[in-house]
Amino acid sequence: MKWLELHILVPSDSHDAVAEICRQAGAQGVSLYADRVITALPITEGLDERVRFFKAQLSHLPEWGLPPVQHLTEQVRDEKEWAEAWKEFFHVLRVGERVVIKPSWEDYTPREADVVIELDPGMAFGTGQHETTQLCLEFLEKLVQPGMVVADIGTGSGILAITAAKLGAISVWAVDNDPVAVLTAKGNVARNGVERLVSVHLADGCEDAPECDLLVANITAEVIENLLPDFARCIRRGGWLVVSGIVQERSGRIRSALQQTPWNHLQHRERGGWCAFAARRG
Ligand SMILES: C[S@@+](CC[C@H](N)C(=O)[O-])C[C@H]1O[C@@H](n2cnc3c(N)ncnc32)[C@H](O)[C@@H]1O
């Protein structure tokens, strides 16, 4: 099959909306980077109509109070080219003090204390390049203790679940409501040899999740706000919640919610217009 590869240069405040537009236009996979969104539409019947819909939706960003697209490039790729093309944007990346994200196609010689995560993000979100993921990784590095039970809600590529396992968690419950993400995460869990520690499930929010010592969710402010009561039920007393994917303008509501019972010890990190919080369940 051939693909129409699209590079959408747009500030990160618009990434969630652009990713949703890509999905509505029939994109197979959306990758978010600091300055752009990369996706591809299958070249099948009705492509012209899907591209028209896609461009029309993008033009609405300013009406929705979001930064507009700065530049859009289109290129026809065959299957193999598309699989290779976006790799030029994904390289070995150190996050925090010890976590190193290594694409499966690059070599890296680890330093002594490094925790190396080998990833092939495929069509799922979570290369580690996005600020929302990095903020979570930094919190995980500080908060995950050996022997913890961890839940990762919205696992995408599985990056946070695998990191938690490599930082010492004995059991990680990873879920996503997107079947493509579940498949990708399972592949990455196997690639990192942590199948006995990390189980990946197709599920919505924390349904069926076990009681845990730490729950991480990098989704969106709206979804997180709705799921907070479920998160509180899932985390044992004294355990930690880490939430990310929160645009700065919406962070006030999450902060207020986490300043109330049962949460305490609120911590905050931000980067590039994105916020993440960690809070302890009292
Ligand atoms: C921003 S990505 C985060 C991926 C990865 N955890 C990371 O930090 O890079 C959010 C993921 O949450 C998933 N998601 C969104 N709403 C969800 C829900 N209600 N339940 C489970 N997963 C959800 C999406 O499919 C997507 O894979």
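Keep in mind that this is a model prediction, so the values were computed, not measured.

S.K.: Describe in detail the packing of helix α4 (residues 131-143) against helix α5 (residues 159-166), supporting the description with residues and values.
M.R.: Remark: α4 packs on α5, axes separated minimally by 10 Å, with the N-to-C direction vectors making an angle of 15°. In terms of axis orientation, α4 runs roughly parallel to α5. Crossing angle aside, the handedness with which α4 passes α5 is right-handed. Note on element contacts: α5 touches α4 through Ile159, Leu160 and Thr163, opposite Thr133, Cys136, Leu137 and Leu140. In terms of residue class, the contact of α4 with α5 is built from five nonpolar, two polar and no charged.

S.K.: Provide a residue-level description of the domain arrangement of the protein chain, including the pertinent values.
M.R.: Under the domain assignment used here, the protein chain contains domain 1 (2-88) and domain 2 (121-281). Here domain 1 and domain 2 have C-alpha centroids that lie 26 Å from each other. Each side of the interface is counted separately: domain 1 has 12 residues, and domain 2 has 15 residues. Buried area between domain 1 and domain 2, summed over both chains or domains, comes out near 1100 Å², and the portion from carbon and sulfur atoms is 57%. The interface formed by domain 1 and domain 2 contains zero salt bridges. Taken together, domain 1 and domain 2 are joined by three residue pairs in polar contact (both at pLDDT 80 or more). Of the residues that constitute the side of domain 1 that touches domain 2, the class distribution is six nonpolar, four polar and two charged.

S.K.: Now, about the packing of aromatic side chains: what can you tell me, with residues and values included?
M.R.: The full count for this structure, using the stated rule, is zero aromatic pairs. If you follow Arg269 out to its NZ or CZ, it ends over the ring of Phe139, 5.1 Å from the centre.

S.K.: Break down the sheet that holds strand β7 (residues 115-119) for me, citing the residues and quoting the values.
M.R.: Taken together, the three strands give an open sheet; going across it, the order is β5-β6-β7, and neighbouring strands pair in mixed fashion. Here the strands that pair on one side only, and so sit at the sheet edges, are β5 (93-95) and β7. Recorded for the sheet is a direction-independent mean angle of 25° between the axes of neighbouring strands. The pairing of strand β6 (residues 99-103) with β7 spans five bridges and is parallel. By the bridge assignment, Pro103 is partnered in β7 with Leu119. Packed on one face of the sheet, α4 meets β5 and β6 and runs near 55° to β5. Each of β6 and β7 touches α5; the most contacted strand, β7, lies at about 150° to it.

What counts, and at which threshold
Residue positions within a chain follow its written sequence, with the count starting from 1. Residue-level local features of this predicted model are given only where pLDDT is at least 70; pairs of side-chain atoms are given and counted only at 80 or more, and the full residue set underlies all totals for whole chains, interfaces and linings. In computing side-chain values, all of the structure's heavy atoms are included and hydrogens and water are not. Only the stretch in contact is used when fitting a helix axis, every axis being a line fitted to C-alpha atoms; angles between N-to-C directions are given from 0 to 180 degrees. Starting at the N terminus, helices and strands are each numbered in turn, a helix being any DSSP run of H or I of at least four residues and a strand any DSSP run of E of at least two. Orientation labels follow simple angle bins: below 35 degrees gives roughly parallel, above 145 gives roughly antiparallel, 65 to 115 gives roughly perpendicular, and whatever is left gives oblique. When the near helix sits turned anticlockwise from the far one by under a right angle, the crossing is termed left-handed; a clockwise turn instead gives a right-handed crossing. Every residue pair with non-hydrogen atoms within 4.5 Å of one another is taken to be in contact. Classification used: nonpolar for Ala, Val, Leu, Ile, Met, Phe, Trp, Tyr, Cys and Pro, charged for Asp, Glu, Lys and Arg, polar for all others including Gly. Where each domain starts and ends comes from a domain assignment, either automatic or drawn from a database. Buried area adds together the accessible area that both of two parts lose upon being put together, with accessible area traced by a 1.4 Å probe. Whenever Lys or Arg places a side-chain nitrogen within 4 Å of a carboxyl oxygen from Asp or Glu, that contact is recorded as a salt bridge. Throughout this description, a polar contact denotes any pair of N or O atoms lying within 3.5 Å of each other; where both atoms belong to protein, one of them has to be capable of donating a hydrogen while the other can accept it, and for residues adjacent in sequence the pair is counted only when both atoms sit in side chains. Only Phe, Tyr and Trp rings take part, Trp by its six-membered ring, and two of them pair if their centres are within 6.5 Å. Stacked means planes under 30 degrees apart, edge-to-face means over 60, and tilted covers everything else. For a ring to carry a charge above it, either NZ of a lysine or CZ of an arginine must fall within 6 Å of the ring centroid while also lying within 35 degrees of the normal to the ring plane. Each pair of strands is called paired provided DSSP finds at least two bridges between the two strands.

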